[in-house]
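Structure assessment
Here's the letter readout for the chains.
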Amino acid sequence: MTPPDAELVRRAIEAARAAPRTGDVPVGAVLVDSGGAELGRACNAREATGDPTAHAELLALRAGAARLRDEGRGDGWRLSGCTLAVTVEPCTMCAGGLVAARVARLVFGTWEPRTGAVGSLWDVVRDRRLHHRPEVLGPNTLDPELVADCAALLTDFFASHRAG
């Protein structure tokens, strides 16, 4: 993992921590173009919006595609050359979304053994039958302290959620 990748994960952590307290699981995502310019930043908003697809990853992809379209860069929906950084391993829906958007690279901070689709439960992004397979950098490539920060977002949320 490169220092810019670690910084992207830190920015995803910031997005998760800055999220309004709506009952959403604190997941943050940041999308950057090939030059490192931020195109989209989001946190989970499923509870806040009542939208089952309002995961941080998909919201960041939507914001990035809209920005590219507004700036007249490409067709907008193809996010070729982009990197998506997220605090937790994407689920099947989000993994499929980043494959469909042709995101070049995925960097994530902690594993999700219950729903993860980038190596834990499934491995959607590396399925050879798909038209696109992004480069994946997971927790094993991150500083352990950064991995712990990503994991703490989830453990702290679920500990307080169960207690209250």
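Everything discussed here concerns the structure shown above.
Just so it is clear, the model here is predicted, and its values are computed rather than measured. (Residues numbered from 1 in each chain as written. Predicted model: local features only at pLDDT ≥ 70, side-chain atom pairs only at ≥ 80, totals over all residues. Heavy atoms only, no water.)

Focus: helix H3 (residues 56–70)
Helix length check: H3 (15 residues) gives 21 Å between terminal C-alpha atoms against 21 Å at 1.5 Å per residue, within 8%. Buried residues belonging to H3 abut strand E1 (28–32), strand E2 (38–43), strand E3 (83–86) and helix H4 (92–100). Phi turns positive, to about 70°, at glycine 72, one or two residues after H3. (Helix = DSSP H or I, 4+ residues; strand = E, 2+ residues; numbered from the N terminus. Expected span 1.5 Å × (residues − 1). Contact = heavy atoms within 4.5 Å.)

Quick look at the packing of H3 against H4
One can describe the packing of H3 onto H4 by two numbers: an axis separation of 9 Å at closest approach and a directional angle of 25°. Classified by the angle their axes make, H3 and H4 are roughly parallel. Relative to H4, the crossing made by H3 is left-handed. Contacts between H3 and H4 involve Glu57, Leu58 and Leu61 on the former and, on the latter, Met93, Cys94, Gly97 and Leu98. When the residues that make up the contact of H3 with H4 are grouped by side-chain class, the tally is five nonpolar, one polar and one charged. (Axes fitted to C-alpha atoms, helices over the stretch in contact; angles between N-to-C directions. Parallel < 35°, antiparallel > 145°, perpendicular 65-115°, else oblique. Left-handed = near helix turned anticlockwise from the far one by under 90°. Nonpolar A, V, L, I, M, F, W, Y, C, P; charged D, E, K, R; others polar.)

Describing helix H5 (residues 144–163)
Taking 1.5 Å per residue as the helical rise, H5 with its 20 residues ought to reach 28 Å, and the 28 Å between its terminal C-alpha atoms agrees with that figure. Of all the residues in H5, the buried ones are Leu146, Val147, Cys150, Leu153, Leu154 and Phe157. Near the N-terminus of H5, the side chain that reaches the backbone nitrogen of glutamate 145, with its oxygen 2.6 Å away, is that of aspartate 143. (Buried < 20%, exposed > 50% of the residue type's maximum accessible area, 1.4 Å probe, protein only. Polar contact = N/O pair within 3.5 Å; in protein donor to acceptor, adjacent residues only side chain to side chain.)

Quick notes on the sheet that holds E2
Strands sit in the order E2-E1-E3-E4-E5 across an open sheet of five strands; the sheet is mixed. Two strands bound the open sheet, and with one partner strand each, they are E2 and strand E5 (135–137). Across this sheet, the average inter-strand angle for adjacent strands is 15°, counted without regard to direction. (Pairing = 2+ DSSP bridges.)

Remarks on the packing of aromatic side chains
Using the criterion set out here, one finds two aromatic pairs in the structure. On the basis of an interplanar angle of 80° and a centroid distance of 5.1 Å, the ring pair of phenylalanine 108 and tryptophan 111 is categorised as edge-to-face. Taking the relative accessible area as the measure of exposure, phenylalanine 108 reaches 0% and is therefore buried. The partly exposed category is assigned to tryptophan 111, whose relative accessible area is 39%. (Phe/Tyr/Trp six-rings, centres within 6.5 Å; stacked < 30°, edge-to-face > 60°.)

Overview of the side chain of aspartate 24
Relative to the helices and strands, aspartate 24 resides in the loop between helix H1 (3–17) and E1. Buried aspartate 24, no salt bridge; nearest opposite-charge side chain is arginine 46, N-O distance 5.2 Å. Engagement of the side chain of aspartate 24 in a polar contact is seen with the side chain of threonine 22, the distance being 2.7 Å. One polar contact links the side chain of aspartate 24 to the main-chain amide nitrogen of alanine 48, over a distance of 3.1 Å. (Lys, Arg positive; Asp, Glu negative; His and termini not counted. Salt bridge = Lys/Arg side-chain N within 4 Å of Asp/Glu carboxyl O.)

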